[in-house]
Amino acid sequence: MNFKQASYDIKDFDEKQGVIKAYANAYDFKDSDGDISAKGSFNKSVKENFKRIRVLKDHMPSVTLGVPLDFDTSDNYGLLTTTKFNLKKEVSRDMFTDIKFLKENGLNAELSIGYEVIKRDQKNKSIITEYKLWEYSF
């Protein structure tokens, strides 16, 4: 499994419900690895594996923060996630509070994905056309 990190603004934040909407990946943007995620590159994975995709802390499989409620793979900007944090767990409350603190102080939250590349564009190998998404992390 590989990891890609991104720093994006939180799109929506519901403190009472413990829900955050945030981008886990951006489309049509060259990342630090030189890869470009094509629009639609997460469609198949999210459709086929929704119930297996996890929300983790720092890609640690033993530290689940919450559950994905929704993925908007057709958003023009990128892979938009809606996450419900398990606020009964201290680690999840701490992360939720940290994200809120960053947002209140004008800083971006960092999300990253745990993935495998399934397909690349035949003409431009830097463009990923299909991912297998295993998890995303705050």
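Asker: Even after reading the chapter, I still don't get the overall build of the chain, so can you show me in this structure?
Answerer: When helices and strands are counted, the chain shows two helices and nine strands. Each helix and strand of the chain, placed in order from N terminus to C terminus, yields the pattern β-β-β-β-α-β-β-β-α-β-β. Its C-alpha atoms give the chain a radius of gyration of 15 Å, near enough to 14 Å, the size a compact globule of 138 residues would have. In terms of principal-axis extent, the alpha carbons of the chain reach across some 45 × 30 × 25 Å. A burial count over the chain gives 44% of its 138 residues as buried. Accessible surface, the chain as shown: approximately 7,800 Å² in total, 48% of it carbon and sulfur. If the 23 positive side-chain charges of the chain are averaged to one point and the 22 negative ones to another, these points end up 6 Å apart.

Asker: Looking at this model, I keep getting lost on unusual backbone geometry. Mind explaining?
Answerer: Glycine aside, the phi torsion of most residues is negative, and most peptide linkages are trans. Backbone geometry at Asp28 places phi at a positive 55°, although glycine is not the residue there. Looking at the secondary structure, you find Asp28 in the loop between strand E3 (19-26) and strand E4 (36-37). With a phi close to 65°, His59 is a non-glycine residue in the positive phi region. Relative to the assigned elements, His59 resides in the loop between strand E5 (54-57) and strand E6 (60-72). You can call His59 buried: its relative accessible area is 19%.

Asker: Would you explain the pairing of strand E2 (residues 10-14) in this entry?
Answerer: Within a regular strand, side chains alternate between the sheet's two faces. Bridge analysis of E2 against E3 gives four bridges, and the strand direction is antiparallel. Note on E3: the bridge partner recorded for Ile10 is Ala22. The antiparallel hairpin formed by E2 and E3 contains four residues in its connecting segment, where Gly18 sits at a positive phi of about 70°.

Here is what the cut-offs are and how they apply
- Residues numbered from 1 in each chain as written.
- Predicted model: local features only at pLDDT ≥ 70, side-chain atom pairs only at ≥ 80, totals over all residues.
- Heavy atoms only, no water.
- Helix = DSSP H or I, 4+ residues; strand = E, 2+ residues; numbered from the N terminus.
- Rg over C-alpha atoms; globule rule 2.2 N^0.38 Å.
- Buried < 20%, exposed > 50% of the residue type's maximum accessible area, 1.4 Å probe, protein only.
- Areas by Shrake-Rupley, 256 points an atom, 1.4 Å probe, with all protein chains shown as cover.
- Lys, Arg positive; Asp, Glu negative; His and termini not counted.
- Charge placed at Lys NZ, Arg CZ, Asp CG, Glu CD.
- Pairing = 2+ DSSP bridges.

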